[in-house]
Amino acid sequence: MNESAWDGTLSASEFSASAQAFAEKWKLNNPAYPPWTWVKSLEVPIFATNQQVEEGYLSLENVCIVKSNDDEVASCVEGEASLYDKEDEESTDSATLPYYFDFHIIYSASFRVPVLYFRAYCSDGRSLGLNEIESVLPANSAKVLLESKWTFITQEEHPYLNRPWCKLHPCGSSDWMKLLFQAVEKVDRPAMELYLVSWFSVVGPVIGLGIPIQMLKEP
Amino acid sequence: MKEAQEFVWMGAIPLQIHLHESEVTTVPPPPPALILAPRIGYLPLLLPLIKPYFSSTLPPGVDTVWFEYKGLPLKWYIPTGVLFDLLCAEPERPWNLTIHFRGYPSHLLIPCEGEDSVKWNFINSLKEADYIINGNCKNVMHMSQSDQLELWNSVVNANLEAFIRSSSKLKSGTIEDDYASKISWMVLGKVPVRLYVWNVSEDFGDMEDAPPIDSWDRISYVNRPLEIHREGKCFTLHDAIKTLLPELFGKKRKPSEGENDEQSFGSEEETKNNRMTEEGEGNISQPLETGSTADDDPEIKLLRIQGIEPKLETPISWVANHLRHPENFLHVCVYIKVPSAKSL
């Protein structure tokens, strides 16, 4: 790695290490949410006995996101109490129907950054289309999406699962990661283990997942 | 060099396209459409040529076009030639495909809204390749809309002259290089590669007997840049495959190494001369022997790029320079036979 100027990217092995650190911090600081799990991506099907497969991705599934009437970010997990105040819980207004999201954080070998893939579905299992998802996200997220030039969502094939998922485009990630670290951390090159935590602090709110401030502090 | 590029751009697959029986409303059913499809093109782009054959027989409704081969919905963003090389172990001429105008399988395929979707996908791949080669997307981002359109149209029309003119504005498209191990257009020493791996679990003699691919889950898609050693040793096509598939070929390395560029393969190992025949001959390839672990290593049964089966000792720089697609990716189809897992 070039010591003089960090380009905002990370290697595959740095991603794996950072993912582990992220998952641990999340578990510690976000007990109301289920934990992120590491899924090994077995590149070649059938050849399942290779224990040396290192490549994988972070997965967080069945997260229930409820868009409340006052547009606060309101998230709950499968019927558990929500973290934020929200309006009428009993409302059958479609705007407050719980939607379930699956999130995968997958390393892009081409861009050398993490990429967020996600999909949404109703309680009856029906997948939501891209437009529906954008209307279901909390208003804050929609605002970030619209105003930021770094973030836009496209529908693309999941790198491993052969199904259409939504993806947050990675093209600008390395640029804003570089800026983030220079501005916030006042270092030229971060401890790579913290990469995902910082990355998620930007990306999370775009899709309605907040990150507790404690996670951003060194342990 | 220009010859190879012309060869690639002129490559075409004869298609015989049948309308799915559920969408035929006339008697007798319409005859299939016979279309010559450019290898470097994409199936949805053929619609203007195909539709006239079937428009009078379609049921009422909005068109949502998709293609299928032996029951497998085809991913529209994979170049036609690559689909053919991958799915037809024994090349079928003409290639019999089924077209649907209704009932898009949106749980399986990402949506395709005609040429715009294909163009968007192409430009994105071009950006991705640009990033891999140069470390940024500036070349593509700085192209004007009209230049991008011109580039795209040259692909749609398989017009090499127009493409060369347009891609000169791209700056990363220079190909006037020899195939020494230093490749000047690969600034970072990385080649954009898309590998389609079919793990063939059964043995088959002729390609004709190869079992059909009935699900995309049977194909492993590896989209990883290939990092090339530049220390003088010639990095061959064989080296490239092994580097891209460390899960299969990297038994000797430590588990903590996740990068592609830390291992040394290739020249030290003894590779027997693997004479692969030109397509259509149907000969069995010689099993690859790789040093002392011949029984354990996976066997490359077939490797196809742009419809040819290059010898595995070919320098990768030659392959990358000559056989890449217009978006600068090298698409490689590999059939691999992995030895069955030893029982514990």
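Residues numbered from 1 in each chain as written. Chains lettered and ligands numbered in written order. Predicted model: local features only at pLDDT ≥ 70, side-chain atom pairs only at ≥ 80, totals over all residues. Heavy atoms only, no water.

Per an unreviewed UniProt entry, chain B is named Autophagy protein 5, and its organism is Linum tenue. Listed under Function (unreviewed entry) in UniProt, the entry text for chain B is "Required for autophagy." What UniProt states about chain B under its Sequence similarities (unreviewed entry) heading is, verbatim, "Belongs to the ATG5 family." (UniProt positions renumbered as here; feature names shortened; annotations may be inferred.)

As recorded in an unreviewed UniProt entry, chain A goes by Ubiquitin-like-conjugating enzyme ATG10 and comes from Linum tenue. In its Sequence similarities (unreviewed entry) section, the UniProt entry covering chain A states "Belongs to the ATG10 family."

Trainee: Hey, could you go over the UniProt feature "domain: Autophagy protein ATG5 UblA" (unreviewed entry) in chain B for me, with residue numbers and the actual values?
Mentor: The UniProt entry lists residues 8-101 of chain B under the feature "domain: Autophagy protein ATG5 UblA" (unreviewed entry), expressed in the numbering used here. A helix fraction of 20% and a strand fraction of 28% characterise residues 8-101 of chain B, whose end C-alpha atoms lie 30 Å from each other. (Helix = DSSP H or I, 4+ residues; strand = E, 2+ residues; numbered from the N terminus.)

Trainee: Mind laying out the pattern of salt bridges, listing which residues take part and the relevant values?
Mentor: Taken as a whole, this structure holds 11 salt bridges over all chains when the rule is applied. Close ionic contact of K167 of chain A with E156 of chain A constitutes a salt bridge, the shortest N to O distance being 3.1 Å. One end of the pair, K167 of chain A, is in strand β7 (residues 164-168); the other, E156 of chain A, is in strand β6 (residues 153-157), with 11 residues separating them in the sequence. Notably, a salt bridge pairs E128 of chain B with R194 of chain B, separated by 2.9 Å at the nearest N-O pair. With E128 of chain B in helix α4 (residues 115-134) and R194 of chain B in strand β7 (residues 193-199), this pair connects stretches of sequence that are 66 residues apart. (Salt bridge = Lys/Arg side-chain N within 4 Å of Asp/Glu carboxyl O.)

Trainee: Can you break down the packing of helix α1 (residues 2-10) of chain B against helix α7 (residues 160-167) of chain B residue by residue, with the values?
Mentor: Residues and elements named next belong to chain B. Packing of α1 against α7 brings their axes to within 11 Å, and their N-to-C directions diverge by 120 degrees. Only L160, E161, F163 and I164 of α7 make contact with α1, whose side of the interface consists of K2, Q5, E6 and W9. Taken together, the residues of the contact of α1 with α7 break down into 4 nonpolar, 1 polar and 3 charged. (Axes fitted to C-alpha atoms, helices over the stretch in contact; angles between N-to-C directions. Contact = heavy atoms within 4.5 Å. Nonpolar A, V, L, I, M, F, W, Y, C, P; charged D, E, K, R; others polar.)

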